[in-house]
Amino acid sequence: MKARNILQAFLLFLLFGTVLNSYGQRWKRYRHEISLGVGASNYLGDLGGATTGDGTRFGDFQFVVSRPSLKASYKYRVLERVAFKGNLAYGRIYGSDEYAGNPSRENRNLNFRSDVIELSVQGEYYFIKEKVGPVYRLPGLRGQTLESFSGYLFGGIGAFYFDPQGQNADNEWVKLAPLNTEGQGLPGGPDDYSQVSIAFPIGFGFKYAIDRQWSIGLEYGLRMTTTDYLDDVSGKYYNPDVLAAEYGQEAVEMADKRLSSNPPSGLTREQYGTRGNPDRLDTYMFGFLTLSYKMKSKGPGRTRF
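Visitor: Let's hear about the side chain of Lys85: which residues, and what values?
Guide: Mapped onto the fold, Lys85 is located in strand β3 (residues 82-96). In terms of polar contacts, Lys85 uses its side chain to reach the side chain of Glu124, at 2.7 Å. Aside from chain neighbours lying at most four places away, what touches Lys85 is Lys71, Ser73, Tyr74, Lys75, Ser120, Val121, Gln122, Glu124, Tyr152 and Glu219.

Next comes the structure, spelled out in structure tokens:
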């Protein structure tokens, strides 16, 4: 009798362990996930800014310059808490000295907009593990269990295309890169800049599981870039006579739109005021509301006892 009880206990333990292992490995049935996102984009660079001094990277954030953004992504889960994701994202970024909290920037009077198209690869780590099994809704139970929620951090690398435009005196949007507004390619001027650059996305997100396969979420990410020309502004004003001779009068008009034309004594107009800060690279950001769908893959048949 004693041996029989021990055998029964062993079989129950084996069954219980098998069930737990099967449940714990359920995430492998949902390795693939696609998602769509809609949200807002923003920018931190040389134009605009909320601070009254020279500005800081995050102190210059202004909600008023947010513009729409979209994304589509595919994710593959390699471990229960680790996944890799490919992203295709679009956003419009905008900046204007009209909203600056700094008199010098207000006098500079520059603005820009640019469409940004980004292709990136990101790694995700779930610090709150994602539930990939069934989500139970018990009658009479108020609220939702914590298991319905998950949270993750992400980082990666990507490439993006941008095309800065500025408004002329007729409020028409003009492409700025072809105008070489800072004297690109001219003696004493900077090199021409590429409209394709590298971005390093970093951020975090939270998801809420609707059922086994559908979830909604919120995601926010910064894009640290390798360019200072998202807004076509980086360094100094260039001699307007040389700029006009080489690139035309429109280049001069778009390069220098300062409200005050009377520099202090001892300074030329080219020396008056700062056009940009080449020591700080530009940053943009995306915030998304996402809808995700996990694709169920084929797995081994159910173990029977």
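Visitor: Explain the environment of Pro187 to me, and be specific about the residues and the numbers.
Guide: Assignment of secondary structure puts Pro187 in the loop between β7 (173-175) and β8 (196-209). C-alpha separation for the pair Pro187 and Val242, spaced 55 residues apart in sequence, amounts to 9.7 Å.

Visitor: Kindly report on a nonpolar patch on the surface, identifying the contributing residues and their values.
Guide: On the surface, a nonpolar cluster with roughly 950 Å² of combined accessible area is contributed by Val38, Leu70, Leu88, Tyr90, Ile117, Leu119, Tyr161, Val196, Leu218 and Leu289. Secondary structure elements with two or more residues in the nonpolar patch: β3 and β4 (111-128). The residue Val196 is located in strand β8 in this model.

Visitor: Give a description of the pairing of strand β10 (residues 283-295) that names residues and reports values.
Guide: Bridge analysis of strand β1 (residues 32-44) against β10 gives 13 bridges, and the strand direction is antiparallel. Counterpart to His32 in the pairing with β10 is Met295. Of the pairings in the sheet, the one linking strand β9 (residues 214-225) to β10 comprises 11 bridges and is antiparallel in character. Within β10, the residue paired with Ser215 across the bridge is Ser292.

Visitor: I'd like to hear about unusual backbone geometry, residue by residue, with values.
Guide: You will see that Asn171, though not glycine, has its phi angle at about 65 degrees, which is positive. In this structure, Asn171 sits in the loop between β6 (165-167) and β7. Positive phi outside glycine occurs at Asn180, with the angle close to 50 degrees. Take Asn180: it is sitting in the loop between β7 and β8. The buried category is assigned to Asn180, whose relative accessible area is 10%.

Visitor: Which residues make up the packing of aromatic side chains, and what values do they have?
Guide: Within this structure, the stated rule accounts for 14 aromatic pairs. Relative to Tyr293, the ring of Trp214 lies with its centre 4.8 Å away and its plane at 50 degrees, an arrangement referred to as tilted. Here Tyr293 lies in strand β10 and Trp214 lies in strand β9, a separation of 79 residues in the sequence. On the basis of relative accessibility, which here comes to 38%, the residue Trp214 falls in the partly exposed class. Plain terms: the ring middles of Phe286 and Phe288 are 5.5 Å apart, the flat faces sit at 45 degrees to each other, and that makes the pair tilted. With respect to burial, Phe286 and Phe288 carry one shared label: buried. Put simply, the rings of Phe160, Phe162, Tyr193, Tyr229, Tyr284, Phe286 and Phe288 pair up and form one aromatic cluster. One Lys or Arg, Arg77, reaches over the ring of Tyr126 and ends 5.4 Å from the middle of that ring. Taking the ring centre of Phe154 as reference, the NZ or CZ of Lys85 above it sits at 6.0 Å.

Calculation criteria
Residues numbered from 1 in each chain as written. Predicted model: local features only at pLDDT ≥ 70, side-chain atom pairs only at ≥ 80, totals over all residues. Heavy atoms only, no water. Helix = DSSP H or I, 4+ residues; strand = E, 2+ residues; numbered from the N terminus. Polar contact = N/O pair within 3.5 Å; in protein donor to acceptor, adjacent residues only side chain to side chain. Contact = heavy atoms within 4.5 Å. Patch = residues over 30% accessible without salt bridge, like charges linked within 9 Å, V, L, I, M, F, W, Y side chains within 5 Å. Areas by Shrake-Rupley, 256 points an atom, 1.4 Å probe, with all protein chains shown as cover. Salt bridge = Lys/Arg side-chain N within 4 Å of Asp/Glu carboxyl O. Pairing = 2+ DSSP bridges. Buried < 20%, exposed > 50% of the residue type's maximum accessible area, 1.4 Å probe, protein only. Phe/Tyr/Trp six-rings, centres within 6.5 Å; stacked < 30°, edge-to-face > 60°. Lys NZ or Arg CZ within 6 Å of the ring centre and 35° of its normal.

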